[in-house]
Amino acid sequence: MNDNNTLFWIRFFMKNLNFIIIMTIATVVAITTDKIVDTMGARNFLDSIELLPITPWMSVAFSLFAFIILMGMMQIKGKDQWSNLALFAYGVVQLLLCIVIMKCLSNSYNGIILLVIVDLIICWKNTKLKIVSICMLFVIYLFSNIGLFSSKSDVTFFQTYLMYYNTNIRRMILGLKSVLVSTNNLLFMLYMVVLIRMQIVENHRISLLNCQLDVANEKLQEANVRLEEFAKTTEKMVQSRERNRLAREIHDTLGHSLTGIIAGIDACITLIDLAPEEVKKQLNIIGNVARQGMKDVRRSVSALRPDALERLSLEEAIKQILVDTNMVSKAEIIFENKVDLSNLDEDENETIYRIIQEGITNALRHGKADKMQVKINKVYNIITIVMKDNGIGCKEIKKGFGLRHMEERIEMLNGSLDYKGEEGFTIIAKIPIRWGK
């Protein structure tokens, strides 16, 4: 059972116990008064008191009526929303009802004040008002215990009624009253002990939560610092990646165009004395390649995407590269494609396009090749691009700008790049395609 349930049951027992005490004392007074009258001892009884008592059963009725009103007030809901003034009036009414009950019981019982204190502790949230009011109630309780609120002139004491009975009955009634009153006092003390214990536990919990909050704030600050450092690092990485990407795009675009132009000029130098008309045609082709290269450079700088992929499908763009290369260099290029390239994502399209473009450019520029093969196959979701030329090859391959950026492009798609320089130069690129899964 938790503390809240414990407090509820203590209040429940206190209410029932107070009802029993009030009814017991009121009934004893009423029955004793009737017996005195029936035994013709009223005259002697009146001579022993200075105040005429109320009608016997009126004490029972008044005390019961006041107690029922008091219990009804304690059951009123919504006290938490009351103003301080309303709560003060609520407490004053409860105190007046306590005084009525005490008067009806000949000031022989004041434990009802303890029950009111318990109720006010629950419903009053204003700490200062609660403390002041409860202190006042305790003062009234103590003064009533020492008889400052009663005198022989305004009250008939409970013990006076008991004088009618013999010693044994008088002791039995006083003993029963003492047991009931002591039990009520014990329940009140138990209630206060549990309440104080709850407050200590709550304060400890709040203190622990504050400590945890401080630790969490420190961790949050550390996390913010790390996040800022990570953001700076990420920003530098993004900048570096963009620089590399821009360098790749310009290299691929200019490299391919310039390689074609150089090959075309070399052909013009060879033919200029033998076939001037053919040289003119070749120069026109070189001019077209240069203009296309300029467009690609502008497009790469502005959007970093090949202009051919904006206008054509991937397969058509690849074929355009082969046609342009053949026109300016007279190189023979065999292209075999067994893959539907129409459903690839933009980054996949661009990577495949740039790999083939760079492979052809390297074959012409560095390998001095005049024959090339470009094959595209797919197994499951892996597209394999194989490019082989009949150039001079390379026994000791040193990664240049082109190969490094081909690797970077493929690694961004979780692919791989292999190459070998025996019997010409061979490039094998494997790219996992997302839609292929």
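Values in this document were obtained by computation on a predicted structure and should not be read as measured data.

(A) A nonpolar patch on the surface, seen in detail. Side chains of Phe8, Trp9, Phe12 and Phe13 sit close together on the surface and give an oily, nonpolar patch of about 410 Å² of accessible area. Positionally, Trp9 belongs in helix α1 (residues 3-38).

(B) Quick look at helix α4 (residues 84-104). Look at α4: 30 Å from first C-alpha to last across 21 residues, which is about the 30 Å you get at 1.5 Å a residue. Turning to α4, its buried residues are Leu87, Tyr90, Gly91, Gln94, Leu95, Leu97, Cys98, Ile101, Met102 and Cys104. Phi turns positive one or two residues past the end of α4, at Ser106, with a value near 60°.

(C) Seen up close, the packing of helix α11 (residues 314-329) against helix α12 (residues 346-365). At a closest axis distance of 10 Å, the pairing of α11 and α12 adopts a crossing angle of 15°. By the angle class used here, α11 and α12 are roughly parallel. The two elements α11 and α12 cross, and the hand of that crossing is right-handed. Taken together, the residues of α12 that come into contact with α11 (itself represented by Leu314, Ala317, Ile318, Ile321, Leu322, Thr325 and Ser329) are Asn349, Ile352, Tyr353, Ile356, Gln357, Ile360 and Leu364.

(D) How the structure looks around the nonpolar core. Membership of the largest hydrophobic core comes to 44 residues, with the highest contact counts inside it found for Met14, Ile22, Leu70, Tyr109, Ile112, Ile113 and Ile117. Ranked by residues supplied to this core, first place goes to α1 with eleven residues. Ignoring anything within four residues of it in the chain, the contact list for Ile117 reads Ile134, Leu137, Phe138 and Phe188. Grouped together as the second largest cluster of nonpolar side chains are 35 residues, Leu322, Phe335, Ile352 and Tyr353 included.

What counts, and at which threshold
- Residues numbered from 1 in each chain as written.
- Predicted model: local features only at pLDDT ≥ 70, side-chain atom pairs only at ≥ 80, totals over all residues.
- Heavy atoms only, no water.
- Patch = residues over 30% accessible without salt bridge, like charges linked within 9 Å, V, L, I, M, F, W, Y side chains within 5 Å.
- Areas by Shrake-Rupley, 256 points an atom, 1.4 Å probe, with all protein chains shown as cover.
- Salt bridge = Lys/Arg side-chain N within 4 Å of Asp/Glu carboxyl O.
- Helix = DSSP H or I, 4+ residues; strand = E, 2+ residues; numbered from the N terminus.
- Expected span 1.5 Å × (residues − 1).
- Buried < 20%, exposed > 50% of the residue type's maximum accessible area, 1.4 Å probe, protein only.
- Axes fitted to C-alpha atoms, helices over the stretch in contact; angles between N-to-C directions.
- Parallel < 35°, antiparallel > 145°, perpendicular 65-115°, else oblique.
- Left-handed = near helix turned anticlockwise from the far one by under 90°.
- Contact = heavy atoms within 4.5 Å.
- Core = buried A, V, L, I, M, F, W, Y, C linked by side-chain atoms within 4.5 Å.

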